[in-house]
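# An overview of the molecular structure
Each chain, written out:
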Amino acid sequence: MTPQLVPVSRCAPSVLLTLKGKLDDFYAKVTDYSAFATPSDQVHCWQHIADHIKARARSSGKVRVLEVGAGMSGFGKFLSDQNLRDQCTWVVQDVTSQNRTWLELNADEVHIGEVDSAALVGDFDIVFSTFVLEHVVNPQAHLNALAQLVKRRKGTIFIFCPRYDVPGYATPSSRHLATSRRLRFMGQGLFSRLATLLTGSPAFLVQTDLAAFHQPFFTDADAVHWASVFDLKSWARSHKASSRSLKLGNPRFPSKDWVVKRMLTIGIAITFDR
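This text gives an overview of the structure that appears in the document. Values in this document were obtained by computation on a predicted structure and should not be read as measured data.

## Quick notes on helix H7 (residues 229-238)
Of all the positions in H7, only Val-229, Asp-231, Leu-232, Ser-234, Trp-235 and Ala-236 are classed as buried. Buried residues belonging to H7 abut helix H5 (139-150), strand E6 (156-162), helix H6 (179-199), strand E7 (205-207), strand E8 (242-245) and strand E9 (265-271). Structurally, the start of H7 carries an N-cap: the backbone nitrogen of Phe-230 is 3.1 Å from a side-chain oxygen of Ser-228. Two residues or fewer past H7, Lys-240 is found with a positive phi of approximately 55 degrees.

Put into structure tokens, the structure is as follows:
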């Protein structure tokens, strides 16, 4: 597949289908993927969800929560540590069955399949994903599906993912490419973000060839979506939803932890309150 970085709306359906097929095949065969090896622990992200569960439970009783792309999620333990396990129904979704046993032992409901599948039924107060959106082949369609799951309850979508709209910050999935092409991709990304700011139209840039298909796995070698906070906020406005940025953790400036959590990570809450 020829390496390209293009807005998802300009990516041919056949290309997206091929790309998704290659990613599904990768996830089915990979043996050293960290999300399949140890329970996740993203307390610095999940604390925002815990605060929202508490507020929602006070006003409307038991809260229905969907975790998207759960992997081997440690969110159940986090809920128990926060004394929130009885205040919510925790539903999990993933596209691969590699962690089905773990999820069935820990979550209230398990859905293996796409988020827009008819099998994933019911409305949710909270939908969230933690370092998942960068791996979604069609982020716009994905977000549209999530919106349908929370709109009727005037719920909130929480998204935590790398921020690939910072100038000079390219996805690790492009490391197999020549320096000239990576520089061109970064230039395309910068131009796209400026266009989104000027027009209010999200781009959702997708990379069509990934390092994960060519090299031994490393973190985010499978990142297909160059996620941008500008795209997410523009998408929220187009759906008449409000959005707010979330501060992650309490790192000291200018530590590496501060750079990673405050500069290079997106934390956003999108609420359908209208």
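## A short note on the environment of Pro-39
Checked against the element boundaries, Pro-39 lands in the loop between helix H1 (13-29) and helix H2 (43-60). Overall, Pro-39 belongs to the partly exposed group, its relative accessible area being 44%. With 196 residues separating them along the chain, Pro-39 and Trp-235 place their C-alpha atoms 31 Å apart. Not counting residues within four places of it along the chain, the set of residues in contact with Pro-39 comprises Met-72, Gly-74 and Trp-102.

## A short note on the environment of Ala-118
Position of Ala-118 relative to the elements: it lies in the loop between strand E4 (109-112) and strand E5 (126-130). Once the C-alpha coordinates of Ala-118 and Val-91 are considered, the two residues, 27 residues apart in sequence, prove to be 15 Å apart.

## Let's talk about the sheet that holds E9
Pairing is mixed in the open sheet, where seven strands are placed in the order E4-E3-E2-E5-E6-E9-E8. The strands lining the two open edges of the sheet, one partner per strand, are E4 and E8. Across the sheet, the axes of successive neighbouring strands diverge by a mean angle of 20 degrees, strand direction being ignored. Judged from the four bridges that link them, strand E3 (residues 88-94) and E4 form a sheet pairing that is parallel. Counted as the bridge partner of Val-91 is Glu-109 from E4.

## Some points on the side chain of Ser-73
As for its placement among the helices and strands, Ser-73 is situated in the loop between strand E2 (63-68) and helix H3 (75-81). Since its relative accessible area comes to 2%, Ser-73 is described here as buried. With residues up to four places along the chain from it excluded, the contact list for Ser-73 reads Ser-40, Glu-67, Trp-90, Trp-102 and Leu-103.

## With respect to the side chain of Thr-89
Note that Thr-89 resides in strand E3. In this structure Thr-89 comes out as buried when scored by relative accessible area, which is 19%. Excluding residues within four positions of it along the chain, Thr-89 makes contact with Lys-62, Val-63, Arg-64, Val-65, Asp-108 and Glu-109.

What counts, and where the lines are drawn
Residues numbered from 1 in each chain as written. Predicted model: local features only at pLDDT ≥ 70, side-chain atom pairs only at ≥ 80, totals over all residues. Heavy atoms only, no water. Buried < 20%, exposed > 50% of the residue type's maximum accessible area, 1.4 Å probe, protein only. Helix = DSSP H or I, 4+ residues; strand = E, 2+ residues; numbered from the N terminus. Contact = heavy atoms within 4.5 Å. Polar contact = N/O pair within 3.5 Å; in protein donor to acceptor, adjacent residues only side chain to side chain. Pairing = 2+ DSSP bridges. Axes fitted to C-alpha atoms, helices over the stretch in contact; angles between N-to-C directions.

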